[in-house]
Amino acid sequence: KTPRHDRPPQAGAMSGASCVAASPARPARSLMLSLGNGGAPSKVVGATCRRRYCRGPTLGAATSPAPTSATASGHDAVADATDARGDGGTKYSGRRVVLTRENGKNGDMKARLEARGIECVEMPLIETAVGADRAALPAALADSTGWAWVCITSPEAAAVFLEAWRTAGRPDVPVACVGTGTAKIIAPEYASGALTAPTFTPSRANAVTLVAELPLPPPESAEGGDSSENRPPRVLYPASANAATTLQDGLAARGATVTRLNTYSTERVTSVAVDVLAHAMRADVVTFGSPSAVKAWVQLSGLAPAAVPAGTRGGGADAAAAAAHHPLYACIGRTSAKACHKIDLPGVLFPEDPGLDGWEGTVLEALDSLLVGEEGQGHGRGQDVVSGGEQL
């Protein structure tokens, strides 16, 4: 097989039962175009994977290889990823994936993908800025009244928390992390004994699940035993200024008093090196870890979204032609996928369970779908696609 960014343009990309002309600027790709009701998310049924897809061209499902441990040796990981057809190379040799997290945050994913023979292009599309409430965090952490929980919802928030926690004198506060990737940042402080208070991670790495599963203590009795003045549990939420209010609203609805501090923000990058962008534009898959990265990609790439008319299945030839210019998009979770959905980016995938393992699996699933299409096995309906019951 010739890698996508090196093979010549082809004269037609299959789209369901129709064939549309591909732009000579980019090679054609086989995609199954199918939508749920009026652009609702769709999921593949009858397959072993549990991925959901956003509006736009969706893919015939392929079972993703098991995620590669970033700690495994490169030689062993590449050997595990070797194509079963015995061609002497790796299954993903020559494939290109763009990593768009901020500087210093792409290393783990890069190691996993490169171990499988995938070429990675690092093109950070977001950068972190200090939030308006950053200076107030150390004093809040040291508040003698105490906190039922300090909720941390991203690796960046974890880094900001640790900096303020050390400034505050390392108070032993209970920490709830949205997922294992975030918890990993704080884990060394528990291992060293610097933090001994309870910690919590929900079963799924998203704010909705954290709200539902976080164990909140009952209200504390006020002095004198007057039950009418019981104090609700207090939660400190050092957040990104860009974060939705899902967590604070949900915990407040459960009876907690939530103090949100906007300690940082993620801003989209407005320019990148010309040669890096040129490589990225010839990639098979672009990854998104935040809505800001989605917006930056659209602005920098100049690729027009593939709008799908409401109430149609597939969007017709115009949507298919627009989709042929795009790579596939692999989002870390639902929030980034919603940003893609909002602007009609085609070929968007995201894992049911957010986190690095699920994200890696989604990237591999996208690449597998391209391999299947090139071998002539991915045309037509392949797997039945139906409207998913869960809205983005």
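S.K.: Sorry if this is basic, but what is going on with the overall build of the chain here?
M.R.: A count of helices and strands for the chain gives 12 helices and 16 strands. Considering the chain as a whole, with its 392 residues, one finds that 48% of them fall into the buried category. Counting only contacts in the chain whose residues sit at least 6 apart along the sequence, the fraction spanning at least 24 positions is 68%. Summed over all atoms, the accessible surface of the chain reaches about 16,700 Å², with 52% contributed by carbon and sulfur.

S.K.: Before we go on, may I ask you to explain the state of the cysteines in this structure?
M.R.: Structurally, a disulfide amounts to a covalent bond that connects the sulfur atoms of two cysteines. On inspection of all chains with the given rule, the structure shows zero disulfides. The thiol of cysteine 177 is not disulfide-bonded; the next cysteine sulfur, from cysteine 151, is found 9.0 Å away. For cysteine 177, a relative accessible area of 2% gives the class buried. Cysteine 331 takes part in no disulfide bond, and the closest cysteine sulfur to it belongs to cysteine 340, at a distance of 3.8 Å. We classify cysteine 331 as buried; its relative accessible area is 0%.

S.K.: How should helix α5 (residues 180-191) be read in this particular structure?
M.R.: Side chains three or four residues apart in an α-helix point the same way, a direct result of the helix having 3.6 residues per turn. Within the sequence span of α5, burial applies to Thr182, Ile186 and Glu189. Down the axis, α5 shows its buried residues gathered within 20° of arc, on one side only. With respect to the buried face of α5, the exposed residues turned more than 90 degrees away are Thr180, Lys184 and Ala191. Packing partners of the buried residues in α5 comprise β8 (149-152), α4 (155-167) and β9 (175-177).

S.K.: Just checking my understanding: could you explain the packing of aromatic side chains for this structure?
M.R.: Centre-to-centre distance and the angle between the planes together describe a pair of aromatic rings. The tally for this structure, following the rule as stated, stands at four aromatic pairs. A centroid spacing of 5.4 Å and a plane angle of 15° characterise the contact between phenylalanine 288 and tyrosine 329, whose relative ring orientation is stacked. Taken together, the residues span a long stretch of sequence, with phenylalanine 288 in strand β13 (residues 285-288) and tyrosine 329 in strand β14 (residues 328-331) at a distance of 41 residues. Ring pairing ties together the aromatic residues Phe288, Trp297 and Tyr329, which thus form one cluster. Cation over ring: arginine 234 sits above tryptophan 147, and NZ or CZ is 3.9 Å from the ring centre.

S.K.: I tried to follow unusual backbone geometry on my own but got confused; where do I start?
M.R.: Note: most peptide bonds trans; most residues except glycine with negative phi. Of note, arginine 170 is a non-glycine position whose phi angle comes to about 60°, a positive value. Among the structural elements, arginine 170 can be located in the loop between α4 and β9. For aspartate 344, which is not glycine, the phi dihedral falls at a positive 65°. Position of aspartate 344 among the secondary structure elements: in the loop between α11 (334-342) and β15 (348-351). With relative accessibility at 14%, the residue aspartate 344 sits in the buried group.

S.K.: Before we go on, may I ask you to explain the pairing of strand β5 (residues 96-99) in this structure?
M.R.: Strand residues, when the strand is regular, have side chains that alternate between the two faces of the sheet. What you see with β5 is no split at all: Arg96 and Val98 on one side and Val97 and Leu99 on the other are buried throughout. Across four bridges, β5 lies against strand β6 (residues 119-122) in parallel orientation. Bridge assignment links arginine 96 to a residue of β6, and that residue is glutamate 119. Pairing between β5 and β13: two bridges, direction parallel. When the sheet's bridge partners are listed, valine 97 is paired in β13 with valine 285.

S.K.: What exactly am I supposed to notice about the nonpolar core here?
M.R.: The nonpolar side chains of soluble globular proteins are, as a tendency, buried together. By size, the foremost hydrophobic cluster in this structure holds 24 residues, and its most contacted members are Phe288, Trp297 and Tyr329. Breaking this core down by element, the ones donating at least two residues are α8 (274-280), β13, α9 (291-301), β14, α11 and β15. Of all the elements, α9 adds the most residues to this core, at five residues. Filtering out sequence-adjacent residues up to four positions away, phenylalanine 288 remains in contact with Thr100, Ala293, Val294, Trp297, Tyr329, Ala330, Cys331, Ile332, Ser336, Cys340, Leu345 and Trp359. Membership of the second largest hydrophobic core comes to 21 residues, among which are Ala157, Leu162, Trp165 and Ile186.

S.K.: Explain the confidence of the model for the chain to me, please; I cannot follow it from the model alone.
M.R.: Note: predicted coordinates in regions of low pLDDT should not be interpreted at a detailed level. Predicted confidence across the chain gives a mean pLDDT of 75, with 65% of residues reaching 70 or more. Here residues 308-314 is a poorly scored stretch, pLDDT under 50, and it has 20 contacts once near neighbours within four places are set aside; other chains count. Below a pLDDT of 50 lies the segment residues 377-391, which in the model reaches 45 contacts outside its immediate sequence neighbourhood of four places, other chains included.

S.K.: Any chance you could explain the pairing of β8 here in plain terms?
M.R.: A two-sided burial pattern is seen for β8, the buried positions comprising Trp149 and Cys151 on one face and Val150 and Ile152 on the other. Relative to strand β11 (residues 234-240), β8 runs parallel, the two being bridged by two bridges. Its bridge partner lying in β11, tryptophan 149 is registered against valine 235. Where β8 and β9 come together, three bridges link them in parallel fashion. Across the sheet, residue isoleucine 152 finds its bridge partner in β9, namely cysteine 177.

Thresholds applied
- Residues numbered from 1 in each chain as written.
- Predicted model: local features only at pLDDT ≥ 70, side-chain atom pairs only at ≥ 80, totals over all residues.
- Heavy atoms only, no water.
- Helix = DSSP H or I, 4+ residues; strand = E, 2+ residues; numbered from the N terminus.
- Buried < 20%, exposed > 50% of the residue type's maximum accessible area, 1.4 Å probe, protein only.
- Contact = heavy atoms within 4.5 Å.
- Areas by Shrake-Rupley, 256 points an atom, 1.4 Å probe, with all protein chains shown as cover.
- Disulfide = S-S within 2.5 Å.
- Arc of directions from axis to C-beta.
- Phe/Tyr/Trp six-rings, centres within 6.5 Å; stacked < 30°, edge-to-face > 60°.
- Lys NZ or Arg CZ within 6 Å of the ring centre and 35° of its normal.
- Pairing = 2+ DSSP bridges.
- Core = buried A, V, L, I, M, F, W, Y, C linked by side-chain atoms within 4.5 Å.
- pLDDT = per-residue confidence, 0-100.

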